[in-house]
Amino acid sequence: MIDNAKIIRRLEKPKGRVDVVIDTDTYNEIDDQFALAYLIQSDEKLDLKAVYAAPFFNHHSESPEDGMERSYQEIFNCYKLMREERYNDVTFRGSTKFLTDEKTPVDSEAARDLVERSKNYNEENPLYVVGIAAATNLASAILLDPTIVDRIVILWLGGLSYDWHDNKSFNSGQDVAAARVLMDSGVPLVQFPGKNVISAFTTTGPELEYWLKGKNAFCDYMIEKTEEEARICYGGKVWSRAIWDVVPVAWLLDGEFMLDTLIKSPIMQYNDYYSFDPRRHFIKYVYRIERDNLMNDLFTKISKIPS
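This write-up is about the structure you can find in this document. Predicted model, so just to flag it, every value in this text is computed and none were measured. (Residues numbered from 1 in each chain as written. Predicted model: local features only at pLDDT ≥ 70, side-chain atom pairs only at ≥ 80, totals over all residues. Heavy atoms only, no water.)

## So, the packing of helix H2 (residues 31–40) against helix H3 (residues 64–82)
- Relative orientation of the contacting elements H2 and H3 amounts to 50°, with a least axis distance of 11 Å. One way to sum up the angle between H2 and H3 is to call them oblique. Considering the relative orientation of H2 and H3, their crossing is right-handed. Contact with H2, carried on its side by Gln33, Leu36, Ala37 and Ile40, involves Glu74, Ile75, Cys78, Tyr79 and Met82 of H3 and no other residues of that element. (Axes fitted to C-alpha atoms, helices over the stretch in contact; angles between N-to-C directions. Helix = DSSP H or I, 4+ residues; strand = E, 2+ residues; numbered from the N terminus. Parallel < 35°, antiparallel > 145°, perpendicular 65-115°, else oblique. Left-handed = near helix turned anticlockwise from the far one by under 90°. Contact = heavy atoms within 4.5 Å.)

## Some remarks on unusual backbone geometry
- Phi at Asn196 takes a positive value of approximately 80°, unusual for a residue other than glycine.
- With respect to the helices and strands, the residue Asn196 is situated in the loop between strand E6 (189–192) and strand E7 (202–203).
- Despite not being glycine, Asp272 shows a phi value in the positive range, around 70°.
- Along the chain, the position of Asp272 falls in the loop between strand E10 (267–268) and strand E11 (274–275).

## Description of the nonpolar core
- Within the largest apolar cluster, 99 residues are counted, with the highest numbers of intra-cluster contacts made by Phe34, Ile154, Phe192 and Leu298.
- Discounting chain neighbours no more than four positions away, the residues touching Ile154 are Val129, Leu138, Ile142, Leu182, Val187, Pro188, Leu189 and Val190. (Core = buried A, V, L, I, M, F, W, Y, C linked by side-chain atoms within 4.5 Å. Buried < 20%, exposed > 50% of the residue type's maximum accessible area, 1.4 Å probe, protein only.)

## Some words on the packing of aromatic side chains
- Going through the model one piece at a time under the given rule, you end up with nine aromatic pairs.
- The interplanar angle of 80° and the centroid separation of 5.5 Å between the aromatic rings of Phe76 and Tyr79 together place this pair among those described as edge-to-face. Taken together, the residues span about one helical turn, with Phe76 and Tyr79 both in helix H3 at a distance of three residues.
- Exposure remark for Tyr79: the relative accessible area of 2% places this residue in the buried category.
- A ring pair is formed by Tyr274 and Phe276, whose centres lie 5.8 Å apart and whose planes are at 40°; its orientation type is tilted.
- One aromatic cluster is present, built from ring pairs that chain together Tyr72, Phe76, Tyr79 and Tyr87.
- Above the face of the Tyr27 ring, Lys225 is positioned so that its terminal group lies 5.5 Å from the ring centre.
- Taking NZ or CZ as reference, Lys264 lies 5.0 Å from the ring centre of Phe282, over its face. (Phe/Tyr/Trp six-rings, centres within 6.5 Å; stacked < 30°, edge-to-face > 60°. Lys NZ or Arg CZ within 6 Å of the ring centre and 35° of its normal.)

## Digging into the layout of surface pockets
- By volume, the largest pocket is sized at about 470 Å³.
- Lining the largest pocket are 27 residues; nearest its centre among them are Glu29, Phe170, Lys195, Arg241 and Trp244.
- For the lining of the largest pocket, the secondary structure elements donating two or more residues are H2, helix H6 (170–174), helix H9 (217–234) and strand E8 (241–242).
- For the lining of the largest pocket, the leading source of residues is H9, giving three residues.
- Across the lining of the largest pocket, the residue classes tally to eight nonpolar, 10 polar and nine charged.
- As a volume, the second largest pocket reaches approximately 230 Å³.
- Lining of the second largest pocket is provided by 15 residues; of these, Pro14, Lys15, Glu124, Pro126 and Tyr128 occupy positions nearest its centre.
- Residue assignment for the lining of the second largest pocket shows that the elements contributing at least two residues are helix H1 (4–10) and strand E1 (18–24).
- Here the lining of the second largest pocket is composed, by residue class, of five nonpolar, one polar and nine charged. (1 Å grid on protein atoms, 1.4 Å probe; cavity = no way out; pocket = protein on both sides within 12 Å on 5 of 7 lines; lining within 4 Å. Points joined across faces, edges and corners; volume = space filled by probe spheres on them. Nonpolar A, V, L, I, M, F, W, Y, C, P; charged D, E, K, R; others polar.)

## Focus: the environment of Val286
- With respect to the helices and strands, the residue Val286 is situated in strand E12 (residues 282–289).
- Along the sequence, Val286 and Ile223 sit 63 residues apart, while their C-alpha atoms lie 28 Å from each other.
- Non-local contacts of Val286, meaning those with residues more than four positions away in its chain, are made with Val190, Gln191, Phe192, Pro193, Val197, Ile198, Trp251, Met258, Leu259 and Asp260.

Right, dumping it as structure tokens:
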């Protein structure tokens, strides 16, 4: 029996500095790099303990395993651009494939590290897990050790808003079984839906160049990568680009960055739709982004990366 009162208490925003791990498909687009740098640059509040490479499969990879490996290498590329070496030894490869069902974990360095690392935490002092990819690594950790749900809080960007006309989300659609494990397990979960919510967190080429150009090697790299990705996706000379994955990191910070509410956990279906049951346990659902406040904080912090 899932204890809703306990979940609600653990879904309160943490006060003071907290320990965090991040699960990221860093080579997939460009927003993961922004999110990783933002987390590292927010060490006044967030103590990054480990980084996990997640699988993905699209035009940037040849398979989920290739996507994970390219993400693993891109994480180190970000470290190099940031002149950052603190996390080299706590960066782990994740799953080489997606879940085939909701009972069988995909074993990986990342999933096992999360299980073992979580044993240093408890309900009163949880480990915060920022998930900005398919939930394969996170779901596998839960399946490897179901007691982990008492020691972690997951912030997951997956699924679309509940009033969108479907639920064809990249992160949840890549591994629906993993998404179902997250939503069904009773782990304290904050959901960040894509379309109609996180999609509001966009930037443009001129804005990036005005605020970030010449600040440091990482910022120049991200301007180039973002403009390249925008040309691939949109083609035209006028474009804006969502940098979705920054938002779950910001939820942990002190600032007027978003609004959320308690809601009963939806059921991720295999046909790209949600189902709802009012008897299910609570999660938190982010429903609005204060775009300018968050973009200002992001630009301010990453522009301070050493040049």
